[in-house]
Each structure stands twice: as C-alpha cells, then as structure tokens.
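# Residue-level structure breakdown
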Amino acid sequence: MANRPIFLTTNNPKKLFEEKEIEFKFFNGFSLSQKSKSINSLHENAQQQGIPNILEVSTKSDSQIGWSLSAFNLMVEFDGDKQISLECAFQGSKVFEGNIQYQDIYQKTSIEAKKDPRLKTSGNIIGFEFRGEFWENEPKTAFYDWLYINALYASNRDIIDELMGYEAFSDIEFNPKKSINCQARTCAILVSLVKLDLIEEALSSKERFIEMVYPKALVYRSLF
C-alpha cells in the first residue's frame, strides 16, 4: 500500500485548493500498464471517499488532456514566437549561488533538462529568473505555479475549458517526501481561480499572484 495526495478545487479565495491523502494499492514497475493500475487504484479509493471527477495529470495519464498537462509536454511561449516545454523553462530559470544560471537548458528536451547534471552540482538555488523577472525561493512553489498557470492562460485556454469539468487532480509520479512542485496541485489552483473569476487579477503581476495564492505564506513572513 502507498499514499498519495489528491488536490481538490475550492470556492474559497483564501484557500485555493484542498489536499487529501489517499491510501491505495501501488503496483511496482516502470511500465505504463503498472502505472495505470496504480492510478486506477488511487482514483477508485478516492471516489469511495466522495471525491469525483479526478484527472491524472502526468505523462502516465490515460487521458489526452492529462498527458498534455504534464510539465514535459505543456508548452511555454519563449523568446518571441518560440515555444519550449515547461520543464525546460523551469529548469533553465533556476539561479544558483554566485548568480549561475544555465540558460542553454531552455533549448534541451524535457528529459535532458530534468536530468542535466549541473542542476545537482551547482550549490543552492537562490531563486529563478525568467523573461528578465526574478522570483525568490519563497513561497516555495510560487514560480512553478505562476509559470504553469500563465502558460495555460496565455495560449492554451481551450485546455482550461476542459479542466473546468474536473473537481480533483492527481499525479502518480509526485511524492511529497521527495518533491515540492506538483502539476496536479497547480491545476487545482488554476481551476479555483477561474471559478472565482480571479485568474486575470492573479496574473496581473508577480506580487499580486503571490498575495492571492499564498496568503498564509505572507502572514508567516510578516511575523519575522
């Protein structure tokens, strides 16, 4: 047995997603069929707990929209009329100690970007820089969430329309013990913002995005 979170949309502007941990039978192995069995088990157990309309958001999804929403496949507008994968945009935007940034990663494939050895040997990440704008490390998922949501709203609104038919999202590859960013959680945030008619305001600036999506993080920072 294993546990994975399911991320639910909300109608609460002060809490744009809810997270519920679900226990399910995990099928070992890297094949698509094994991943599919694990996803089905996760969704079935979640549905038994009253969570309907779940979309798996990963390259292992059996849904075309779920597959296309993977960071490996979702495209980001870049350098005028070009597009790169969100994975490349995210990894290439990392800024390490000494102001080191590997912008050549923007031109790599998604798998090459994720596995670039320099990302593990360059010290601490001090932030992210994309299109000339610097993002701090806190809140921890702010840059990833903004990059993902902005990519969808800027040029993939037809996908957003399809997303509105779902109330919850999963990512079988996401392990909260090993990772921070999660495309399923970001999808829940996006759908909540659209339902609340707050998406354009949230994307109006970096500062407004952080204020609206991470209100608890701002309260915590104000205490110190």
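Look a little higher up for the structure.
Only a predicted model underlies this, so the values are computations on that prediction, with no experimental measurement involved.

## Quick notes on the overall build of the protein chain
Across its full length, the protein chain holds 11 helices and 10 strands. In terms of overall dimensions, the protein chain is globule-like: its C-alpha atoms have a radius of gyration of 17 Å, near the 17 Å expected for 224 residues. Counting only C-alpha atoms and orienting by the principal axes, one finds that the protein chain spans roughly 50 × 40 × 40 Å. Within the protein chain, the proportion of its 224 residues that are buried is 49%. Put simply, 57% of the contacts in the protein chain that link residues at least 6 apart link residues at least 24 apart. In the structure as shown, the protein chain presents an accessible area of about 11,700 Å², 48% of it carried by carbon and sulfur atoms.

## Structural notes on helix H1 (residues 32-48)
In a regular helix each residue adds 1.5 Å, so 17 residues correspond to 24 Å; H1 covers 24 Å between its end C-alpha atoms and thus fits that length. Here H1 has its buried residues at Gln 34, Lys 35, Ser 38, Ile 39, Ser 41, Leu 42, His 43 and Ala 46. Of the surrounding secondary structure, the elements contacted by the buried residues of H1 are strand S1 (2-12), strand S2 (15-24), strand S3 (54-56) and strand S10 (168-170). Gly 50 occupies a position one or two residues after H1 and carries a positive phi of about 85 degrees.

## Section: the packing of aromatic side chains
Tallying each qualifying case throughout the model produces 19 aromatic pairs. Consider the rings of Phe 24 and Phe 26, whose centres lie 6.3 Å apart with planes at 70 degrees: the pair is edge-to-face. The partly exposed category is assigned to Phe 26, whose relative accessible area is 27%. Here the basic side chain of Arg 157 rests over the ring of Tyr 153, its NZ or CZ set 3.8 Å away from the ring centre.

## As for the pattern of salt bridges
With the rule as written, the count across this model stands at nine salt bridges. The residue Asp 104 makes a salt bridge to Arg 118 at a minimum N-O spacing of 2.8 Å. With Asp 104 in the loop between strand S7 (100-101) and helix H4 (110-114) and Arg 118 in helix H5 (residues 118-121), this residue pair connects regions lying 14 residues apart in the sequence. Residue Asp 104 is classed as partly exposed on the basis of its relative accessible area of 38%.

## Things to note about the sheet that holds S10
Pairing is mixed across the open sheet formed by four strands, whose spatial order is S2-S1-S10-S3. A single partner strand is all that each edge strand has here, and the edge strands are S2 and S3. The sheet shows a mean angle of 25 degrees between the axes of neighbouring strands, direction not considered. Across two bridges, the pairing between S1 and S10 is antiparallel. Residue Phe 7 lies in a different strand from S10, and its bridge partner there is Phe 169.

## Let's talk about the side chain of Asp 145
Mapping Asp 145 onto the fold places it in helix H6 (residues 142-155). We note that Asp 145 is buried and unpaired, the nearest opposite charge coming from Arg 185 at a distance of 5.2 Å. Only 2.8 Å separates the side chain of Asp 145 from the side chain of Thr 141, close enough to count as a polar contact. Here Asp 145 is in contact with Thr 186, Ile 189, Phe 209 and Tyr 214, once residues within four sequence places are set aside.

## Details of the sheet that holds S7
Spatial ordering of the open sheet is given by S7-S6-S8-S9, a layout of four strands whose pairing is antiparallel. The open sheet has two free edges, formed respectively by S7 and strand S9 (133-135), since each of these has just one partner strand. Note: strand S6 (residues 94-96) against S7, two bridges, orientation antiparallel. Bridge pairing links Phe 96 to Ile 100 in S7. H6 rests against strand S8 (125-130) and S9 of the sheet, and its axis sits at about 20 degrees to S8.

## Here's the deal with the environment of Ser 33
Of note, Ser 33 is situated in helix H1. When the C-alpha atoms of Ser 33 and Glu 23 are compared, they prove to be 20 Å apart, with 10 residues separating the residues in sequence. Side-chain polar atoms of Ser 33 contact the side chain of Ser 31, separated by 3.1 Å.

What counts and how
Residues numbered from 1 in each chain as written. Predicted model: local features only at pLDDT ≥ 70, side-chain atom pairs only at ≥ 80, totals over all residues. Heavy atoms only, no water. Helix = DSSP H or I, 4+ residues; strand = E, 2+ residues; numbered from the N terminus. Rg over C-alpha atoms; globule rule 2.2 N^0.38 Å. Buried < 20%, exposed > 50% of the residue type's maximum accessible area, 1.4 Å probe, protein only. Contact = heavy atoms within 4.5 Å. Areas by Shrake-Rupley, 256 points an atom, 1.4 Å probe, with all protein chains shown as cover. Expected span 1.5 Å × (residues − 1). Phe/Tyr/Trp six-rings, centres within 6.5 Å; stacked < 30°, edge-to-face > 60°. Lys NZ or Arg CZ within 6 Å of the ring centre and 35° of its normal. Salt bridge = Lys/Arg side-chain N within 4 Å of Asp/Glu carboxyl O. Pairing = 2+ DSSP bridges. Axes fitted to C-alpha atoms, helices over the stretch in contact; angles between N-to-C directions. Lys, Arg positive; Asp, Glu negative; His and termini not counted. Polar contact = N/O pair within 3.5 Å; in protein donor to acceptor, adjacent residues only side chain to side chain.

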